[in-house]
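Summary of structural features
Each chain, written out:
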Amino acid sequence: MDPVTDPLTGPVADPAPDAVPNTPASLDVRGLAFAYPDGHQALFGVDFSVARGERVALLGPNGAGKTTLVLHLNGILTGGTGTVTVAGLPVDKRNMAEIRRRVGIVFQDPDDQLFMPTVREDVAFGPAAAGVKGAELEACVERALTLVGMAEFGNRPPHHLSFGQRRRVAVATVLAMEPEILVLDEPSSNLDPASRRELADILRSLDVTVLMVTHDLPYALELCPRALILSDGVIAADGPTAALLSDDELMRAHRLELPFGFDPRSVPASG
Ligand SMILES: Nc1ncnc2c1ncn2[C@@H]1O[C@H](COP(=O)(O)OP(=O)(O)O)[C@@H](O)[C@H]1O
Ligand SMILES: [Mg+2]
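Criteria and cut-off values
- Residues numbered from 1 in each chain as written.
- Chains lettered and ligands numbered in written order.
- Predicted model: local features only at pLDDT ≥ 70, side-chain atom pairs only at ≥ 80, totals over all residues.
- Heavy atoms only, no water.
- Phe/Tyr/Trp six-rings, centres within 6.5 Å; stacked < 30°, edge-to-face > 60°.
- Buried < 20%, exposed > 50% of the residue type's maximum accessible area, 1.4 Å probe, protein only.
- Helix = DSSP H or I, 4+ residues; strand = E, 2+ residues; numbered from the N terminus.
- Near = heavy atom within 4 Å.
- Polar contact = N/O pair within 3.5 Å; in protein donor to acceptor, adjacent residues only side chain to side chain.
- Areas by Shrake-Rupley, 256 points an atom, 1.4 Å probe, with all protein chains shown as cover.
- Nonpolar A, V, L, I, M, F, W, Y, C, P; charged D, E, K, R; others polar.
- Pairing = 2+ DSSP bridges.
- Axes fitted to C-alpha atoms, helices over the stretch in contact; angles between N-to-C directions.

All told, the structure shown has 2 aromatic pairs when counted by the stated rule. Their ring planes at 85° and their centres at 5.0 Å tell us that Phe34 and Tyr36 sit as a pair that is edge-to-face. What makes Tyr36 partly exposed here is its relative accessible area of 28%. Here Phe115 and Phe125 contribute two aromatic rings whose centre-to-centre distance is 5.2 Å and whose plane-to-plane angle is 85°, an arrangement assigned as edge-to-face. Of this pair, Phe115 sits in the loop between β8 (103-106) and α3 (119-129) while Phe125 sits in helix α3, and the two are 10 residues apart along the sequence. Take Phe115: its relative accessible area is 52%, and that puts it in the exposed class.

Below is the structure:
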């Protein structure tokens, strides 16, 4: 699926059938390299792009740099080299408020994200800080809670909910900002099978670009048509999830293991 390329002017036709002309990628990462202050280099030149509406899994062994990469997407970490661009807007100090609105990160532990006395207040927090008020704010909270199936729980204290419900509320806090891209760090971890299934149904129903960091390879296959493998701080593979997971050598080389007996070829492709 290489673009038709004119040697003088570059790509002249976009091969993606559903691509909206002139819509910038939801996320574009170019040459991103980063070393922590202690000198440990975690990223060595990461390049990839996620088109609007895509759902992409970010796979890779422990220590590969996945969380480091995620923390660059909304400018929590900066100071490396290379660029990150969200819907055409560079992630830099001048744009930080707008970038934080556009990039919704759902952290691994929902308790890092929920800190208000009620679910409703947690979901209202971001939009209220961005100036949304009154009936508009109510509608925004209602909409976000409905998207994650938690509309009945607005008045409950988050700490009275199950872990799976708290994770759904954490997703709602981010959706309330109407982000350009939803980034999830290990969304299925610590969920029981029913909660895992419910979250998958929610993620599939959303009309939003998704980048999902996960160790749960069946979950990646089920939800994300495309996957990236980050390994030793570089993108080692980028392609259809089913193709990557079916490549035994590639999987072994990056310490990715399918659950015993799971055959990626037996699962219908996600879409
Ligand atoms: N605050 C930090 N200071 C120094 N090194 C770090 C820090 N955080 C992570 N690292 C190192 O950077 C590398 C990438 O870590 P991380 O992005 O957390 O990987 P992953 O999320 O893929 O497991 C690892 O070698 C890790 O030990
Ligand atoms: Mg991590």
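With respect to spatial proximity, the complete set of residues near ligand 1 consists of Tyr36, Asp38, His40, Ala42, Pro61, Asn62, Gly63, Ala64, Gly65, Lys66, Thr67 and Thr68. Take His40: an N or O atom from its side chain is 2.9 Å from an oxygen atom of ligand 1. In this structure, an oxygen atom belonging to ligand 1 sits 2.7 Å away from a main-chain N or O atom of Gly63. The protein chains hide 63% of the 560 Å² of surface that ligand 1 would expose on its own. With 3 residues, the single largest contributor to the shell around ligand 1 is helix α1 (residues 66-73). Of the residues in the shell around ligand 1, the class split is 4 nonpolar, 6 polar and 2 charged.

All right, on to the sheet that holds strand β12 (residues 234-240) then. The mixed open sheet is built from 6 strands, whose spatial order is β8-β9-β10-β5-β11-β12. Edge positions in the sheet fall to β8 and β12, since each of these pairs with one other strand and no more. Geometrically, the sheet is characterised by an average inter-axis angle of 20° between neighbouring strands, direction not taken into account. Strand direction decides the pairing type here: strand β9 (residues 181-185) and strand β10 (residues 209-213), joined by 5 bridges, are parallel. Counted as the bridge partner of Val183 is Leu211 from β10.

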